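The residues making up each chain are set out below.
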Amino acid sequence: MSLLTSVFAQTLVIIVIFEAIEFVKGMLVAGKRKVVDARQDHEGNISHVRLEGNRNFTDVNKAIEIAKRGGLENAHAVKKKDGGEYLRTNPDGRSGNNLDEMAQD
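So, a few notes on the structure that sits alongside this text. (Residues numbered from 1 in each chain as written. Predicted model: local features only at pLDDT ≥ 70, side-chain atom pairs only at ≥ 80, totals over all residues. Heavy atoms only, no water.)

Moving on: the overall build of the protein. Each helix and strand counted, the protein has three helices and five strands in total. Sequence-ordered secondary structure for the protein, helices as α and strands as β, is α-β-β-β-α-β-β-α. Put simply, of all contacts in the protein between residues at least 6 apart along the chain, 26% involve residues at least 24 apart. Working note: accessible area of the protein is about 7,900 Å², and carbon and sulfur atoms make up 55% of it. (Helix = DSSP H or I, 4+ residues; strand = E, 2+ residues; numbered from the N terminus. Contact = heavy atoms within 4.5 Å. Areas by Shrake-Rupley, 256 points an atom, 1.4 Å probe, with all protein chains shown as cover.)

Given below as structure tokens:
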């Protein structure tokens, strides 16, 4: 293999790797999920949420982990004084999309 062919092959590999990285970064950003519904337990605490595109509800503890990784578009995890955590929708001035309101429907 000539030097020119070798350099060309190496350049092509670098370009493919760069494009793959950009693709994955785009998927991570586009992969954010949105909370669209919620359920309460018998004590009135949010126990499950439904993510956009899902039929089934997700346990709120799993949703908290997703939120901590930045995977939820409209909600985030909040740490309580006692060390526990809960899920809260991002503030937007509307109450109808708060988890407690979603769970009432």
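So, next bit.
Tallied over the entire structure, the rule returns three salt bridges. The partner of K68 in a salt bridge is E65, with the nearest N and O atoms 3.4 Å apart. Of this pair, K68 and E65 both sit in helix α2 (residues 60-68), separated by three residues, roughly a single helical turn. Overall, the relative accessible area of 34% leaves E65 in the partly exposed class. Between R94 and D92 there is a salt bridge whose closest N-O contact spans 3.1 Å. Through salt bridges that share partners, E65, K68 and E85 make up one connected network. (Salt bridge = Lys/Arg side-chain N within 4 Å of Asp/Glu carboxyl O. Buried < 20%, exposed > 50% of the residue type's maximum accessible area, 1.4 Å probe, protein only.)

In this section: α2. Listed as buried for α2 are V60, A63, I64, I66 and A67. For α2, the angular spread of the buried residues around the axis is 160 degrees, confining them to a single face. Packing partners of the buried residues in α2 comprise β2 (46-51), β3 (58-59), β4 (75-79) and β5 (85-89). In this structure D59 caps α2, since a side-chain oxygen of it lies 2.8 Å from the backbone nitrogen of N61. With its phi angle positive at about 80 degrees, G70 sits one or two positions after the end of α2. (Arc of directions from axis to C-beta. Polar contact = N/O pair within 3.5 Å; in protein donor to acceptor, adjacent residues only side chain to side chain.)

With respect to the helices and strands, the residue N74 is situated in the loop between α2 and β4. On the accessibility criterion, N74 (16% relative accessible area) is buried. Separated by 2.8 Å, the side chain of N74 and the backbone nitrogen of V35 make a polar contact. When near neighbours in sequence (up to four residues on either side) are disregarded, N74 contacts R33, K34, V35, R88, T89 and N90.

Spatial ordering of the open sheet is given by β1-β2-β3, a layout of three strands whose pairing is antiparallel. A single partner strand is all that each edge strand has here, and the edge strands are β1 (35-40) and β3. Sheet topology note: the β1/β2 ladder contains five bridges and is antiparallel. Bridging from a neighbouring strand, Q40 pairs with I46 of β2. (Pairing = 2+ DSSP bridges.)

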